[in-house]
Amino acid sequence: MTPTTAQPTEPAAQSALRQGFTAFPADRAQSYREAGYWADRRLDSLLRDAAAQWPDRTAIADPTETRTFAELDALADRAAAGIAELGIQPGDRVLLQLPNSAEFAVALFGLLRAGAVPVMCLPGHRLAELAHFAEVSEAVALLIADTAGGFDYRTMAAELTAAHPHVRHVLVHGNLPENQEGFLSWTTVSRTGTGPVPNIDPELAGPALLLVSGGTTGAPKLIPRTHQDYVYNCTASATLCELGAEDVYLVALPAAHNFPLACPGLLGALSVGATTVFTADPSPEAAFAAIDAHGVTVTALVPALAKLWAQACDWEPLAPKSLRLLQVGGAKLAAEDARLVRTALTPGLQQVFGMAEGLLNYTRIGDPAEIVETTQGRPLCPADEVRVVDEDGHEVAAGNEGELLVRGPYTINGYFNAEAANERSFTPDGFYRSGDRVRRSQGGYLEVTGRVKDVILRGGENVSALDLEEHLLTHPAVWSAAAVALPDDYLGEKICAAVVFTGTPATLAELHSHLEGRGVASHARPDVLVPMTTLPTTAVGKIDKKAIVAQLTK
Ligand code: OOB
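Worth saying up front: this structure is predicted, and the values here are computed from it rather than measured.

The rules behind these values
- Residues numbered from 1 in each chain as written.
- Predicted model: local features only at pLDDT ≥ 70, side-chain atom pairs only at ≥ 80, totals over all residues.
- Heavy atoms only, no water.
- Disulfide = S-S within 2.5 Å.
- Helix = DSSP H or I, 4+ residues; strand = E, 2+ residues; numbered from the N terminus.
- Buried < 20%, exposed > 50% of the residue type's maximum accessible area, 1.4 Å probe, protein only.
- Pairing = 2+ DSSP bridges.
- Core = buried A, V, L, I, M, F, W, Y, C linked by side-chain atoms within 4.5 Å.
- Contact = heavy atoms within 4.5 Å.

*Asks:* Give me the lowdown on the state of the cysteines, citing residues and values where you can.
*Replies:* In the structure shown here, the tally under the stated rule is 0 disulfides. Cysteine 263 takes part in no disulfide bond, and the closest cysteine sulfur, belonging to cysteine 234, lies 8.8 Å away.

Below, the structure is given as structure tokens:
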């Protein structure tokens, strides 16, 4: 794919941005605009417009701070002026890594208003990931908290800037380290800027921000989301979720992740005048208290957290009462867990199968229980073109499994600065190869059946890891389970089940007879059982199989 050529008069940052970016082809862009999916507005105009319409409503709240839309809008303007005064230019990339807090929203909108392109790092990312993002994005600055969750981000930042001097500024929210050159107080920069709000030439078809890929395999990639596609992403999601000004949305997952950010998340909530509440601690104790205090009506969780919250209703005195919509996604929610969540937390469960690269599938409000419990939803937009294909790239019939390919009005056309990955991840006609195996029903609902690569090759037989995990989860003593491949001299790969038990652990023999009772073939049953107290997770809370294998093979 050929990147658009830079205009000779463009600032250097803008032209570098364009060079790493694959734009939507002109014909599809035009059709999305004509169909009304793309409104020509900048992402930060969502806040400007909300502040005009609902100035005195509460926009954001965390345990220490509450801001109205008018206040947040004014803070974003101040922050934008301060950022510009540092010499950060439109198109410059800035690594943003803040814990869930009201300040996250101030920083995000401040950067957008300055025309900077935030790189949406999660608080769980560490030096290896940050260094990779810094390099690929050519970031000029980093915005961090001093400490959070027992981690000192300033120490990491010092190491990062030593190895990546192009990261010129480190902006610290909280206490500055002593004698550290290049470190500035974010409060000073964002609150005392005196200059005008930068006047940006709106580049609506260009990247507004860079998301980080889920990255359960290989190095995480940067995902350029444009103003046009991301405004659609969050506003159409808000409409689908029937979000209104009376709603209160809780950010419990890391705010920089696409799901709580824009599906509909913070941005969708903001666009309809709803309040967003942040919690940096998603434990049932802290989250239930926030739900109770603010009357939270909507939130988004990964399956492991949803299950934990559902169980916690047995012992936590403040079980949620106000939730009308609980979105669960990011990994497969087993049907039994879906039933548990609906009974314990709210009947308003919504399954969400999404990806930072774009495509979002949602079950709909009012869908029958069967659909909500056993499918991962259907595409958000009528213009989402979904193909389910076999290994040769041919479409399979409805009801058969295959890899999901997609293109559409909010799905990227290439990763940022990643030519080799783009060759592999996109078809010549611009479809993104998701790597997800799905089955599509007549009604267009998708069921995720595994990852194309998450298959254990045991003695010549292909065993789907997800399939085995789902069978294991039906055992009453199994709380969570991951099936991973371990090297084996005889079989090539053997099946290892890493299992967290509730109560008395089951033995391998007991699991085998349970699986046999469910009709699981003998070659597809685990060779090894490793009981664990917890399974390692990624920065957003998905089970991290790479880390499990690393633990077991070190
Ligand atoms: C969300 O986004 P990412 O980019 O962190 O991860 C995307 C991948 C998908 O390709 C799929 O493999 C998996 O996560 N996934 C699911 C799932 N939702 C995501 N697998 C099974 N069932 C589901 N419901 O994870 C994400 C982005 C926006 C909204 C929701 C999730």
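*Asks:* Provide a residue-level description of unusual backbone geometry, including the pertinent values.
*Replies:* Residue cysteine 263 is joined to proline 264 through a cis peptide bond whose omega torsion reads -10°. Tracing the chain through its elements places proline 264 in the loop between helix H10 (258-262) and helix H11 (265-271). Unusually for a residue other than glycine, glutamate 138 sits at a positive phi of about 55°. As for its position among the elements, glutamate 138 is in the loop between helix H6 (127-137) and strand S5 (141-145). Exposure remark for glutamate 138: the relative accessible area of 43% places this residue in the partly exposed category. Despite not being glycine, glutamate 242 shows a phi value in the positive range, around 55°. Overall, the relative accessible area of 52% leaves glutamate 242 in the exposed class.

*Asks:* Tell me about the pairing of strand S16 (residues 349-355), and please be specific about residues and values.
*Replies:* Judged by how many residues are buried, S16 sits mostly within the fold: 6 of 7 residues are covered. Sheet topology note: the strand S15 (residues 325-329)/S16 ladder contains 4 bridges and is parallel. For glycine 329, the partnering residue across the bridge sits in S16 and is valine 352. Taking the residues between adjacent antiparallel strands as the criterion, S16 and strand S17 (residues 358-362) are bridged by 2 residues.

*Asks:* Describe the nonpolar core, with residues and values.
*Replies:* If you look at the biggest cluster of nonpolar residues, it comprises 129 residues, and the most contacted ones within it are Phe104, Leu108, Leu261, Leu267 and Trp309. Ranked by residues supplied to this core, first place goes to helix H5 (residues 102-113) with 9 residues. Excluding residues that lie within four positions of it along the chain, phenylalanine 104 makes contacts with Leu96, Leu98, Pro99, Met120, Ala255, Ala256, Leu261, Leu266 and Phe278. The next biggest cluster of nonpolar side chains, apart from the first, holds 27 residues, and it includes Ala131, Tyr153, Met156 and Leu160.

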